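Remarks on the overall topology
Single-letter residue listing:
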Amino acid sequence: MQYKDYYKTLGVARDASQDEIKRAYRKLARKYHPDVSKEPNAETRFKEINEANEVLRDAEKRSAYDALGSNWRAGQDFRPPPGAGGARDFHFNPDQATDYSDFFASIFGRAFKSETKDSRRRRGQDQSVKLAIDLEEAHQGATRQIKLDVPETGPGGQPTTRSKTLNVRIPAGVTQGRQIRLAGQGSPGHNGGPAGDLYLEIDFKPHRLFTLEGRDIQLRLPIAPWEAALGATVKAPTLGGSVSLKIPPGSQSGQKLRLKGRGLPGDPPGDEILVLEIVTPPATSDAAREIYRRMAEQLPFDPRAQLGV
Amino acid sequence: MARTETDIEGILLDETLTVSFTELTSLCGATGRVVKLMVTEGLLQPEGQQPDDWRFSGLEVRRARRALRLRRDLDLNLAGVALALDLLDELETLRERLRCLEPPPDRARDD
């Protein structure tokens, strides 16, 4: 088991006042709250911060923790000294206690057990998991395997882990942030209470070609200068295969063409939006340079006319 | 370690789903009083006049659950939660917009 440096977790000195601890905790809680934070490991950090705060905000728990000594380093192999936690009765919020680490349990273990003797029938906690999916899966619908390790209490009361695989259908047309609720797949209940629910939150992986806005997908479509000037029929990729489309004569970079109903399915379905991007051929050969020179001589054109320079 | 495999059909909480006052209350693990307060605050906007007629959209299940977590974990009142959620919604919309304006990562590298 690894030693946890709760002071380091909250970024405060070992002799920090209770006010300093509270301030540090509040600031970090806002930064790493999983409902607010975009930090990649927000969920884990938030749990660590809460565990550290649970210990340090309370003078009695803090002194029990301090009694382990100050020579430990975070991550160091830790074995609780005999009598750690003593017979004192620590109080914890039982709803959050399941999230605390083994290290925490080894110090406050005794109090933990007394909490689990609580014979009230309680519903298990709900769990949330982010589900990273591809745009193609949202377009077609898909079945995804989700593997979860579920902590359970074994027949002798000891904690065990069960590996659970769920095959979940992802309906076509899901959008970013939508949740799928799996009833009864969250944490098990206590004393015969019902299990909590599992919420899967859709999170799109970045796509090679398309970006997503609601059900609309967007693509930058490169075109040649003559296709923009004269108009052309070109091919463009969609989620359902490539299509031919007309570029109107006189098109410019940044102009948008809309392919109705070619986005994610739904009611109404999304569109595919093509943003035209004129790409100039490189002038790496004499012939190419000659064509550019002729254009410069023969086309009266000032792209900066609007700038007043 | 024990292993199990289950095929399961979830419920998509989207705009096509509606839930009643009682259903929302139990999905949030909240009391009816708190859900009513969230409606008063304009944080949830059900259709219907009386709590018994209220119909919430599936999207509001996420909103309500998120609101209650923020209230509990950050010690906010419901007015503060409502403000935070409105700003978070706006932030998400802007982030999506931004992703559309920036070239995709692999093409940006070619430039």
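Residue positions within a chain follow its written sequence, with the count starting from 1. Each chain is given a letter, starting from A, and each ligand a number, starting from 1, according to the order in which they appear as written. Totals for whole chains, interfaces and linings use all residues, but because this is a predicted model, local features are given only for residues with pLDDT of at least 70 and pairs of side-chain atoms are given and counted only at 80 or more. No hydrogens and no water enter the side-chain calculation; it runs on all heavy atoms of the structure.

Examining the overall build of chain B
- Helix and strand assignments follow DSSP, with helices taken as H or I runs no shorter than four residues and strands as E runs no shorter than two, numbered in order from the N terminus. When helices and strands are tallied, chain B shows five helices and four strands.
- In terms of its C-alpha atoms, chain B occupies a principal-axis envelope of roughly 60 × 45 × 30 Å.
- Here chain B, with 111 residues, has 38% of them falling under the buried criterion.
- Should any heavy atoms of two residues lie within 4.5 Å, those residues are considered in contact. In chain B, the share of contacts with a sequence separation of at least 24, taken over all contacts with a separation of at least 6, comes to 54%.
- Residue-level accessible areas treat just the shown protein chains as cover; the underlying method is Shrake-Rupley with a 1.4 Å probe. As presented, chain B carries roughly 6,800 Å² of accessible surface, and 51% of it is formed by carbon and sulfur atoms.
- Chain B carries 16 positive and 22 negative side-chain charges, and their two centres are separated by 5 Å. For every residue, the accessible area obtained with a 1.4 Å probe (protein chains only) is divided by the maximum for its type, and the residue is called buried under 20%, exposed over 50%, and partly exposed between those limits. Counting rule applied: Lys, Arg positive; Asp, Glu negative; His and chain ends not counted. For the purpose of locating charges, the reference atoms are NZ of Lys, CZ of Arg, CG of Asp and CD of Glu.

Re the interface of chain B and chain A
- At the interface, 39 residues of chain B touch 49 residues of chain A.
- Two parts lose some accessible area (1.4 Å probe) when they are put together, and adding that loss for both gives the buried area. Overall, the association of chain B and chain A removes approximately 4,000 Å² of surface from exposure, summing both partners, and the carbon and sulfur fraction of that is 47%.
- For this document, the term salt bridge refers to a Lys or Arg side-chain nitrogen within 4 Å of an Asp or Glu carboxyl oxygen. Here chain B and chain A share nine salt bridges between them.
- Distance and chemistry together define a polar contact, namely a pair of N or O atoms within 3.5 Å, with one atom able to donate a hydrogen and the other to accept it when in protein, and with adjacent residues in sequence counting only for side-chain atoms on both sides. Counting across the chain B and chain A interface gives 21 residue pairs in polar contact (both at pLDDT 80 or more).
- Contributing elements (two or more residues each) for the side of chain B that touches chain A: β1 (3-8), β2 (11-13), α3 (58-74), α4 (78-101) and α5 (105-110) of chain B.
- Here the residues of the side of chain B that touches chain A are counted per class, giving 16 nonpolar, three polar and 20 charged.
- In the sheet, strand β3 (residues 159-170) of chain A pairs with β1 of chain B via six bridges, with the strands oriented parallel. Its bridge partner being in β1 of chain B, K164 of chain A is matched across the sheet by T4 of chain B. Here the term charged refers only to Asp, Glu, Lys and Arg, the term nonpolar to Ala, Val, Leu, Ile, Met, Phe, Trp, Tyr, Cys and Pro, and the term polar to all other amino acids, Gly among them. At least two bridges found by DSSP between two strands is the condition for calling them paired.

Observations regarding the sheet that holds strand β5 (residues 198-204) of chain A
- The strand order β1(A)-β5(A)-β4(A)-β2(B) describes an open sheet built from four strands, whose pairing is mixed. The strands lining the two open edges of the sheet, one partner per strand, are β1 (127-133) of chain A together with β2 of chain B. Neighbour to neighbour, the strand axes of the sheet diverge by 30° on average, direction disregarded.
- Sheet analysis places strand β4 (residues 179-182) of chain A next to β5 of chain A, joined by four bridges and oriented antiparallel. Pairing of L182 of chain A across the sheet is with L198 of chain A, part of β5 of chain A. The angle between two axes is taken between their N-to-C directions and runs from 0 to 180 degrees, where each axis is a line fitted to C-alpha atoms and a helix contributes only its stretch in contact.

Topic: the pattern of salt bridges
- Going through the model one piece at a time under the given rule, you end up with 27 salt bridges over all chains.
- For the salt bridge of R293 of chain A with E290 of chain A, the shortest nitrogen-to-oxygen distance reads 3.6 Å. Of the two residues, R293 of chain A and E290 of chain A both sit in helix α9 (residues 286-298), three residues apart, roughly one turn of that helix.
- Accessibility expressed as a relative area gives 45% for R293 of chain A, which makes it partly exposed.
- The class of E290 of chain A is partly exposed, set by a relative accessible area of 37%.
- Each of R123, D126, R181 and D197 of chain A together with R65 of chain B takes part in one network of salt bridges that share partners.

Quick notes on the side chain of R66 of chain B
- In this fold, R66 of chain B is placed in helix α3.
- In this structure, R66 of chain B is in contact with D35 of chain A together with L85, L88, D89 and E92 of chain B, ignoring residues within four places of it in sequence.

Examining the packing of aromatic side chains
Residues and elements named next belong to chain A.
- The criterion for an aromatic pair is that two Phe, Tyr or Trp rings (for Trp, the six-membered ring) have centres within 6.5 Å, with stacked assigned to planes under 30 degrees apart, edge-to-face to planes over 60 apart and tilted to the rest. Under the criterion given, the structure shown has eight aromatic pairs over all chains.
- Measuring from ring centre to ring centre gives 4.8 Å for Y6 and Y65, while their planes differ by 40°; the resulting arrangement is tilted. With a gap of 59 residues between them, Y6 in helix α1 (residues 6-10) and Y65 in helix α4 (residues 59-66) connect regions that are remote in the sequence.
- Take Y6: its relative accessible area is 1%, and that puts it in the buried class.
- In this structure Y65 comes out as buried when scored by relative accessible area, which is 0%.
- Judged by centre distance (6.3 Å) and plane angle (90°), the ring pair of Y65 and F103 falls under edge-to-face. Note that Y65 is positioned in helix α4 and F103 in helix α6 (residues 102-116), a separation of 38 residues in sequence.
- Classification of F103 as buried rests on a relative accessible area of 1%.

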